[in-house]
Amino acid sequence: LCNAKNNLSMTLVVPETADAQTDILLGAYTGISDKGCADIHFVHPLTSVRFKKGVIAGGVAITRLSITKVAYSGNIKLYPDGSLSNWTVADYDKSVSQSKESGLVAGDGSIGEPFLLIPQDLDENPVRVVLELSDGNVVTTSLKSGKWLPGTAYTYTIDYDNPD
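All of these numbers come straight from a predicted model, not from anything done at the bench.

S.K.: So what exactly am I meant to see when it comes to the nonpolar core here?
M.R.: What tends to happen in soluble globular proteins is that the nonpolar side chains get buried as a cluster. One finds L12, F51, L65, I67, F115, L117 and W148 to be the most contacted residues of the largest nonpolar core, which totals 37 residues. Counting residues per element, the ones that place at least two in this core are strand 2 (7-13), strand 3 (26-32), strand 5 (47-56), strand 6 (62-70), strand 7 (73-78), strand 10 (110-117), strand 11 (127-133) and strand 13 (153-160). Those residues in contact with W148 that lie beyond four places of it in its chain are T47, V49, L117, I118, P119, Q120, L122, V127, L143, Y154 and Y156.

Printed below as a string of structure tokens:
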């Protein structure tokens, strides 16, 4: 973080695995309230992207989940009023993943940990989801519409019909 003319600027490089990612919370002192308390406006500059297991035929386990073409590095500013600039993204050619030998699906159906990512416009920069399955198949699909916004959580459900 650095301060330039009362604006905080932060540069982030996204780690390659979900378990190495860190959530970020930024805060700006916006003055003194009517009650004499310090007002601090907090914002989450990242997007949380989670995957959940839908219908997966044939007892197949998901052993690795990767998303590619995600925003890899970028810069954002926090203004004195607590608002954020748009991210300035330097690179969209990153792959982040998570894997476990026994499969990634938790008891609640969630697949691994949420990815904490730089927000991006999926219409302009589609993201690819790659699943490696216990039956040896690799399944790829695209997330290509909408926008990931800062401070917002997105959950995608994965269905897989075993072709065998």
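S.K.: Just to check I follow, could you spell out the pairing of strand 11 for this structure?
M.R.: On a regular strand, one side chain projects to one face of the sheet and the next to the other, so that they alternate. A large share of strand 11 lies buried, amounting to 5 of its 7 residues. Bridge analysis of strand 6 against strand 11 gives 6 bridges, and the strand direction is antiparallel. Bridge pairing in strand 11 places S66 opposite V130. Two strands pair when backbone bridges link them, and strand 11 and strand 12 (residues 138-143) are joined in this way by 6 bridges, in the antiparallel orientation. Residue pairing for strand 12: V127 is matched across the bridge by L143.

S.K.: How should I be thinking about a nonpolar patch on the surface in this particular structure?
M.R.: Together, L25, Y29, I32, I40 and F42 line one region of the surface with nonpolar side chains, adding up to about 550 Å² of accessible area. Contributions of two or more residues to the nonpolar patch are made by strand 3 and strand 4 (38-43). Assessed through its relative accessible area of 49%, L25 is described here as partly exposed.

S.K.: Whenever I open this one, the sheet that holds strand 5 confuses me. Can you help?
M.R.: Paired through backbone hydrogen bonds, the strands of a sheet run either parallel or antiparallel to each other. The sheet built from 3 strands is open, its strands ordered 10-5-13 with mixed pairing. Two strands bound the open sheet, and with one partner strand each, they are strand 10 and strand 13. The average angle at which neighbouring strand axes cross in this sheet is 25°, direction not considered. Of the pairings in the sheet, the one linking strand 5 to strand 13 comprises 7 bridges and is parallel in character. If you follow S48 over to strand 13, its bridge partner there is A153.

S.K.: Looking at this structure, I do not really get the sheet that holds strand 11. What am I missing?
M.R.: Ordered in space as 9-6-11-12, the 4 strands form an open sheet in which the pairing is antiparallel. Looking at the sheet topology across the chains shown, the edges are occupied by strand 9 (94-99) and strand 12. Between one strand axis and the next, the sheet turns by 15° as a mean value, whatever way the strands run.

S.K.: What should I look at first to understand the pattern of salt bridges in this one?
M.R.: Here the idea is simple: oppositely charged side chains can pair when their charged atoms come close. Going through the model one piece at a time under the given rule, you end up with 4 salt bridges. When the shortest N-O distance is used, the salt bridge between E16 and K94 registers 3.3 Å. Taken together, the residues E16 in the loop between strand 2 and strand 3 and K94 in strand 9 connect sequence positions 78 residues apart. Overall, E16 belongs to the exposed group, its relative accessible area being 54%. The class for K94 is buried, based on a relative accessible area of 9%. One salt bridge connects K147 with D121, and the closest N-O pair in it is separated by 4.0 Å. Here D121 lies in the loop between strand 10 and strand 11 and K147 lies in the loop between strand 12 and strand 13, a separation of 26 residues in the sequence. Since its relative accessible area comes to 14%, D121 is described here as buried.

About the thresholds
- Residues numbered from 1 in each chain as written.
- Predicted model: local features only at pLDDT ≥ 70, side-chain atom pairs only at ≥ 80, totals over all residues.
- Heavy atoms only, no water.
- Core = buried A, V, L, I, M, F, W, Y, C linked by side-chain atoms within 4.5 Å.
- Buried < 20%, exposed > 50% of the residue type's maximum accessible area, 1.4 Å probe, protein only.
- Helix = DSSP H or I, 4+ residues; strand = E, 2+ residues; numbered from the N terminus.
- Contact = heavy atoms within 4.5 Å.
- Pairing = 2+ DSSP bridges.
- Patch = residues over 30% accessible without salt bridge, like charges linked within 9 Å, V, L, I, M, F, W, Y side chains within 5 Å.
- Areas by Shrake-Rupley, 256 points an atom, 1.4 Å probe, with all protein chains shown as cover.
- Salt bridge = Lys/Arg side-chain N within 4 Å of Asp/Glu carboxyl O.
- Axes fitted to C-alpha atoms, helices over the stretch in contact; angles between N-to-C directions.

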